[in-house]
Amino acid sequence: MESTLPKPALVAARMSPKAVTITFWIATVLFCLEMGFTAYAQLNLKDAADGFTRLGFPGYFRVELAWAKVLGVLVLLAPVPGRLKEWAYAGFAINLVSALIAHFAVGDGPEAWAFAAFTSVLWVISYVCWRNLRGGRA
């Protein structure tokens, strides 16, 4: 049975360019704030470091991932070539899917993986709007 819900890209396509731009910036800023917060937490908060250990990741990966998030946030917010933004979006997608898989693998409940799930929704909105503003070009 086919879903009656419209696809996100089609919804964005029917929005006015101004609405798409506003939606893009709201979603992107919220997304970047969340990624920036998690990068800060991973570098500075003991609870975040302990969480990484509990999920089975080594300490160096936590630091590497935090700095990658900082770079990704800068790329998403800066006027850089579209190809670079595509790579940042791809990296964030891999990060978010991996976070969800890690939480599910250790049996965490929604209180642990809900943040990653909500951030994933912001990622989708930001990416779909960005693609729509670029006319679907990579």
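Residues numbered from 1 in each chain as written. Predicted model: local features only at pLDDT ≥ 70, side-chain atom pairs only at ≥ 80, totals over all residues. Heavy atoms only, no water.

Asks: Can you help me understand the overall build of the chain in this one?
Replies: Of regular secondary structure, the chain possesses six helices and zero strands. What you see in the chain, going N to C, is helices and strands ordered as α-α-α-α-α-α. Within the span of the chain, comprising 138 residues, buried residues form 35% of the whole. Put simply, of all contacts in the chain between residues at least 6 apart along the chain, 66% involve residues at least 24 apart. Summed over its atoms, the accessible surface of the chain is roughly 8,500 Å², and 72% of this surface lies on carbon and sulfur atoms. (Helix = DSSP H or I, 4+ residues; strand = E, 2+ residues; numbered from the N terminus. Buried < 20%, exposed > 50% of the residue type's maximum accessible area, 1.4 Å probe, protein only. Contact = heavy atoms within 4.5 Å. Areas by Shrake-Rupley, 256 points an atom, 1.4 Å probe, with all protein chains shown as cover.)

Asks: Which parts of the structure should I look at to understand the nonpolar core?
Replies: Side chains that are nonpolar tend, in soluble globular proteins, to be buried together. Membership of the largest hydrophobic core comes to 17 residues, with the highest contact counts inside it found for Phe 31, Met 35, Leu 76, Tyr 89, Phe 92 and Trp 123. At the level of secondary structure, the elements contributing two or more residues to this core comprise α2 (17-44), α4 (59-77), α5 (82-105) and α6 (110-133). (Core = buried A, V, L, I, M, F, W, Y, C linked by side-chain atoms within 4.5 Å.)

Asks: Explanation requested: α5 in the structure shown.
Replies: Three or four residues apart is the spacing at which side chains of an α-helix point the same way, because the helix has 3.6 residues per turn. Between its first and last C-alpha, α5 extends 34 Å over 24 residues, near the 34 Å set by a 1.5 Å rise per residue. Listed in full, the buried residues belonging to α5 are Gly 82, Lys 85, Glu 86, Ala 88, Tyr 89, Phe 92, Asn 95, Leu 96, Leu 100, Ala 102 and His 103. Among the structural elements, α2, α3 (46-54), α4 and α6 are those in contact with the buried residues of α5. Immediately downstream of α5, the backbone of Gly 107 shows phi near 80°, a positive value. (Expected span 1.5 Å × (residues − 1).)

Asks: Mind showing me how you'd approach the UniProt feature "transmembrane region" (unreviewed entry) in the chain here?
Replies: Within the UniProt annotation, "transmembrane region" (unreviewed entry) is assigned to residues 20-40, 60-80, 87-106 and 112-130. Helix makes up 95% of residues 87-106 and strand makes up 0%, while its end C-alpha atoms are separated by 29 Å. With 100% helix and 0% strand, residues 112-130 has end C-alpha atoms that lie 29 Å from one another. (UniProt positions renumbered as here; feature names shortened; annotations may be inferred.)

Asks: Would you explain the pattern of salt bridges in this entry?
Replies: Pairing between side chains becomes possible if they bear opposite charge and their charged atoms approach one another. Under the defined criterion, the tally for this structure stands at three salt bridges. Of the charged contacts, one joins Arg 131 and Glu 86 as a salt bridge, the two residues approaching to 3.0 Å between their closest N and O atoms. Linking Arg 131 in helix α6 with Glu 86 in helix α5, this pair joins segments that are 45 residues apart in sequence. Residue Arg 131 is classed as partly exposed on the basis of its relative accessible area, which comes to 21%. A residue is classified by how much of its surface remains accessible, and Glu 86, at 16% relative accessible area, is buried. (Salt bridge = Lys/Arg side-chain N within 4 Å of Asp/Glu carboxyl O.)

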